[in-house]
Amino acid sequence: MSIIEIIQNGVIQGIKSLYGADITADQVTMNSTRKEFEGDYTVVAFSFARIARKKPDDIAEELGNYLVREVEQIERFNVIKGFLNLSLSNAFWRSFLMDVFQDEAYGRLPANGKKVMVEFSSPNTNKPLHLGHIRNILLGWSTSRILEAAGYKVVRVQIVNDRGIAICKSMLAWQKYGQGASPESAGEKGDHFVGDYYVLFEKKFQEEYKEWQQRDEARQLFASHSENGQNEEAFFKAFKNNYFNKYSRLGAEAKEMLLQWEGGDEATISLWKQMNSWVYQGFDETYRQLGVEFDKLYFESDTYLLGKDAIQKGLEQGVFYQKEDGSVWIDLTDAGLDHKLVLRSDGTSVYITQDIGTAQKRYQDFGVDKMVYVVADEQNYHFQVLFEILKRLGEPYANGLYHLSYGMVDLPTGKMKSREGTVVDADDLMAEVVAEARANTVERDTISGLSEEEQEAVIRQIALAALKFFIIKVQPRKRMVFDPKESVDLQGQTGPYVQNAYVRVQSVLRKGGEQDLSPAAGYQQLESQEKEMLNMIYGFPGLVQLAAEEYDPSSIANFCYDLAKAYHRFYHDHSILNAQSAEAKAFRLQLSQAVANVLRHGMSLLGIEMPERM
RNA sequence: GGCUCCGUAGCUCAAUUGGAUAGAGCAUCUGACUACGGAUCAGAAGGUUGCAGGUUCGAAUCCUGCCGGAGUCACCA
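Given the structure is predicted, the values throughout are model-derived calculations rather than measurements.

**Side note on the environment of Glu-256**
Phase 1: Tracing the sequence through the fold places Glu-256 in helix α12 (residues 249-262).
Phase 2: A relative accessible area of 40% places Glu-256 in the partly exposed class.
Phase 3: In sequence terms Glu-256 and Ile-165 are 91 residues apart; their C-alpha atoms lie 9.8 Å from each other.

Structural data, given as structure tokens:
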């Protein structure tokens, strides 16, 4: 039983014995005592005022006396304005520390026998990954790590959007203008190489469009279609898609290519495979740099026809209804949603059809209890609809579906816009933070004793810690502003700050960790800062549980920062190796080790590594 | 326009899910080791938590109404 439960039970029994009332554990509001007061845990007495028909202060006083008398671990209490602050005994903290300080897996919860799938990244194959993907990937990866630590078996997947008109544009541009070039011949990463052809297509298309706008055909269209007062520029901007579909030569060629792809044309398929394989090589490199991997990749080219069977079955069950034109719909108005099309009148799929089929396939493949989709918040409505449909189809995993929705990443200058060239490329960004970390490390000259490779590894660890922490510390739901200048900061509330606390511990342990730590058992007067850290460490497993339940890695990041901060302060205020007694020294070495373990574990849940020196 | 999310210090973010005097970092200013790593620590300054009501012993948090921002409302993905 945790100390929190022990206290809660004590309170329940105390209320019973003092006032003859029965209460439950969730009626006992408890939290860690705030730093400015003495104590470890605080029980709020206000809620008992009605039951006991006494003033909160009096209740707290009586309850405090009861708890000190009846609960072994509680040693003292004080009452301030209806808050009962409880101090645990030094013996309790000492034995807790003794139990955990060598446990590197502390915070890992026992296996719960459940399996969860986490889908993240899910890029298109026509251009390289950017900052938005990075937030997605870091959220997906850290969430999957946290779920693992909370006892789940985790399957990491992505759905690769490898088909459609976009990749055809890249293919067509390469075919027309590429002259047989390859990433090798161009000396370029595969995903960037293919992305360049996508951009080239857009450029050529714009040129074609501009030229067409001067022709009679276009002039007449503008004259007859332009709404009252709409100027030429606005008209042609709005008309772009129409032009692509009905008039453009390049558009027609791209669409023709898509048809050939769908028809299984050999040359087209072979070109498609070639282009995509270049892209995958590029993606793999980016994933490797970020330190993430997947258990299984789903490709849209395999799944885009899935789901039709499910629609048919649902139609028979009456979940869906068919209109006269043959299109199939679902009425979700009683769930506060809308009518939604699930199959076109020509019998072809829409996006959601595919998602239904893919969910079913995944369940067949892995038999998961839960599925988490890491997708930006622009698709909130889509996932509400999808989950409601899967529920009505009676899918066994329907209650375990979760859309891990996250806000878009903005730049200090505003939104990222590909057309304005403000999109922050993932590879460029990583190179930038590494360069910054390298410059800093060289200037500090702290690790020049290490080999070249070791130095480079440490620099990368620092750089990625800065980048990852900067992004993960923000709650997923919130939109965030990404300032590239701040993301390479290595001081303050940053990943390297947390790493530095860990590195300090390692340095101390190298100098004094070999000795016998058993005198720690005789350490009597714990400092408040020591208890503060122990209290935080004590709460770590519960936080892992909570972070898993709420799919919220930011809480782990903030915890790591708070613990590192507490350690930095302690380290400054108190001597460890030159402590006043052998008991204090041993205890502090244990405590340092415990802090380091929790920091390393906590940061590993975010996909952040700890260097031994920095 | 309907629905959803967001609004906290100049800036970037917290706030133990309704608890105590709303906390950190950055930026600004001032300090700290003849000491275990200064990527550190301490201090100053910075707030009507968008606004107005309501519920409550207690509200940044819950309810209502406004204001501002974002997203979405395709036989697109």
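**Some points on the domain arrangement of chain A**
Interfaces are frequently sized by the accessible area removed from exposure as the parts join.
Phase 1: With domains assigned, chain A is organised as domain 1 (3-88), domain 2 (118-304 + 377-410) and domain 3 (426-604).
Phase 2: One C-alpha centre belongs to domain 2, the other to domain 3, and the line joining them spans 39 Å.
Phase 3: Every contact between the two is made by 28 residues of domain 2 and, on the other side, 27 residues of domain 3.
Phase 4: For the pair domain 2 and domain 3, the summed buried area comes to about 2500 Å², and 64% of that belongs to carbon and sulfur atoms.

**Digging into the protein's contact with RNA strand B**
Phase 1: Inspection of the region around RNA strand B gives 60 residues, with Asp-325, Arg-344, Tyr-497, Glu-550 and Tyr-571 positioned closest.
Phase 2: Take the atoms of RNA strand B that sit within 4 Å of the protein: sugar and phosphate atoms are 59% of them.
Phase 3: Here Lys-478 contributes a side-chain N or O atom positioned 3.1 Å from a phosphate oxygen of RNA strand B.
Phase 4: In the environment of RNA strand B, a base nitrogen lies 2.5 Å from a nitrogen or oxygen atom belonging to the backbone of Met-614.
Phase 5: Elements supplying a minimum of two residues to the surface near RNA strand B: β1 (30-32), β2 (41-44), β4 (83-88), α18 (426-444), β14 (480-481), α21 (495-512) and α23 (553-573).
Phase 6: With seven residues, the top contributor of residues to the surface near RNA strand B is α21.
Phase 7: Classifying every residue of the surface near RNA strand B by side-chain character gives 21 nonpolar, 19 polar and 20 charged.

**Overview of the packing of helix α16 (residues 351-366) against helix α17 (residues 380-392)**
Phase 1: At a minimum axis separation of 10 Å, α16 and α17 run at an interaxial angle of 50 degrees. Comparing their axes, α17 and α16 come out oblique. For the crossing formed where α16 meets α17, the hand is right-handed. Across the interface between the two elements, Tyr-351, Ile-352, Asp-355, Ile-356 and Ala-359 from α16 touch His-382, Val-385, Leu-386, Ile-389 and Leu-390 from α17.
Phase 2: Split into classes, the residues belonging to the contact of α16 with α17 amount to eight nonpolar, one polar and one charged.

**Quick word on the sheet that holds strand β10 (residues 339-343)**
Phase 1: What the three strands build is an open sheet, ordered β8-β9-β10; its pairing is antiparallel. Across the chains shown, the open sheet's two edge strands, defined by having one partner strand only, are β8 (321-322) and β10.
Phase 2: As paired strands, β8 and strand β9 (residues 328-331) are joined by two bridges and run antiparallel to one another. Looking at the pairing, Gln-322 lines up with Val-328 of β9.

**Observations regarding a positive patch on the surface**
Phase 1: A surface patch of positive charge is lined by Lys-237, Lys-415, Lys-417 and Arg-419.
Phase 2: Relative to the elements of secondary structure, Lys-417 occurs in the loop between β13 (409-410) and α18.

**Description of the confidence of the model for chain A**
Phase 1: Chain-level pLDDT for chain A is 93 on average; 99% of the residues reach the 70-or-more range.
Phase 2: Element-level mean pLDDT values for chain A span from 79 in helix α10 (residues 232-238) up to 98 in strand β5 (residues 115-119).
Phase 3: Across the whole predicted complex the pTM is 0.95, and at the interface the ipTM reaches 0.96.

**A short note on the nonpolar core**
Phase 1: Judged by nonpolar contacts, the single largest core of 171 residues is most densely connected at Ile-7 and Val-11.
Phase 2: Of the residues forming this core, the biggest block, twelve residues, is contributed by helix α19 (residues 452-472).
Phase 3: Contact partners of Ile-7, with chain neighbours within four places excluded, come to Met-30, Tyr-41, Val-43, Leu-67, Ile-74, Leu-86 and Leu-88.

**A few points about the pattern of salt bridges**
Phase 1: In total, this model carries 29 salt bridges according to the counting rule given.
Phase 2: Between Asp-191 and Lys-189 there is a salt bridge, with its nearest N and O atoms 3.1 Å apart.
Phase 3: On the basis of relative accessible area, Lys-189 is assigned to the partly exposed category, the value being 23%.
Phase 4: Residues Arg-569 and Glu-532 are paired through a salt bridge, measuring 3.9 Å at the closest nitrogen-oxygen approach. Of the two residues, Arg-569 is situated in helix α23 and Glu-532 in helix α22 (residues 528-550); the sequence distance between them amounts to 37 residues.
Phase 5: Arg-569 gets classed as partly exposed once you look at its relative accessible area, which sits at 29%.
Phase 6: Looking at Glu-532, the relative accessible area reads 21%, which means it is partly exposed.
Phase 7: One network of salt bridges, with partners in common, ties together Lys-176, Glu-208, Arg-249 and Glu-253.

**Things to note about the environment of Glu-549**
Phase 1: Among the structural elements, Glu-549 can be located in helix α22.
Phase 2: Measuring from C-alpha to C-alpha, the distance between Glu-549 and Leu-147 comes to 8.4 Å, with 402 residues separating the pair along the chain.
Phase 3: For Glu-549, the side chain forms a polar contact with the side chain of Gln-545, separated by 2.9 Å.

**Re the sheet that holds strand β7 (residues 296-299)**
Phase 1: With parallel pairing, the five strands of this open sheet are ordered in space as β7-β6-β5-β11-β12. Only two strands of the sheet have a single neighbouring strand rather than two, namely β7 and β12 (401-406). Across this sheet, the average inter-strand angle for adjacent strands is 25 degrees, counted without regard to direction.
Phase 2: In this fold helix α5 (residues 131-149) packs onto β5, β6 (153-160), β11 (370-376) and β12, with an angle of close to 160 degrees to the strand it touches most, β6.

Thresholds, definitions, all that
Residues numbered from 1 in each chain as written. Chains lettered and ligands numbered in written order. Predicted model: local features only at pLDDT ≥ 70, side-chain atom pairs only at ≥ 80, totals over all residues. Heavy atoms only, no water. Helix = DSSP H or I, 4+ residues; strand = E, 2+ residues; numbered from the N terminus. Buried < 20%, exposed > 50% of the residue type's maximum accessible area, 1.4 Å probe, protein only. Domains from an automatic or database assignment. Contact = heavy atoms within 4.5 Å. Buried area = accessible area lost by both parts, 1.4 Å probe. Near = heavy atom within 4 Å. Polar contact = N/O pair within 3.5 Å; in protein donor to acceptor, adjacent residues only side chain to side chain. Nonpolar A, V, L, I, M, F, W, Y, C, P; charged D, E, K, R; others polar. Axes fitted to C-alpha atoms, helices over the stretch in contact; angles between N-to-C directions. Parallel < 35°, antiparallel > 145°, perpendicular 65-115°, else oblique. Left-handed = near helix turned anticlockwise from the far one by under 90°. Pairing = 2+ DSSP bridges. Patch = residues over 30% accessible without salt bridge, like charges linked within 9 Å, V, L, I, M, F, W, Y side chains within 5 Å. Areas by Shrake-Rupley, 256 points an atom, 1.4 Å probe, with all protein chains shown as cover. Salt bridge = Lys/Arg side-chain N within 4 Å of Asp/Glu carboxyl O. Lys, Arg positive; Asp, Glu negative; His and termini not counted. Charge placed at Lys NZ, Arg CZ, Asp CG, Glu CD. pLDDT = per-residue confidence, 0-100. Core = buried A, V, L, I, M, F, W, Y, C linked by side-chain atoms within 4.5 Å.

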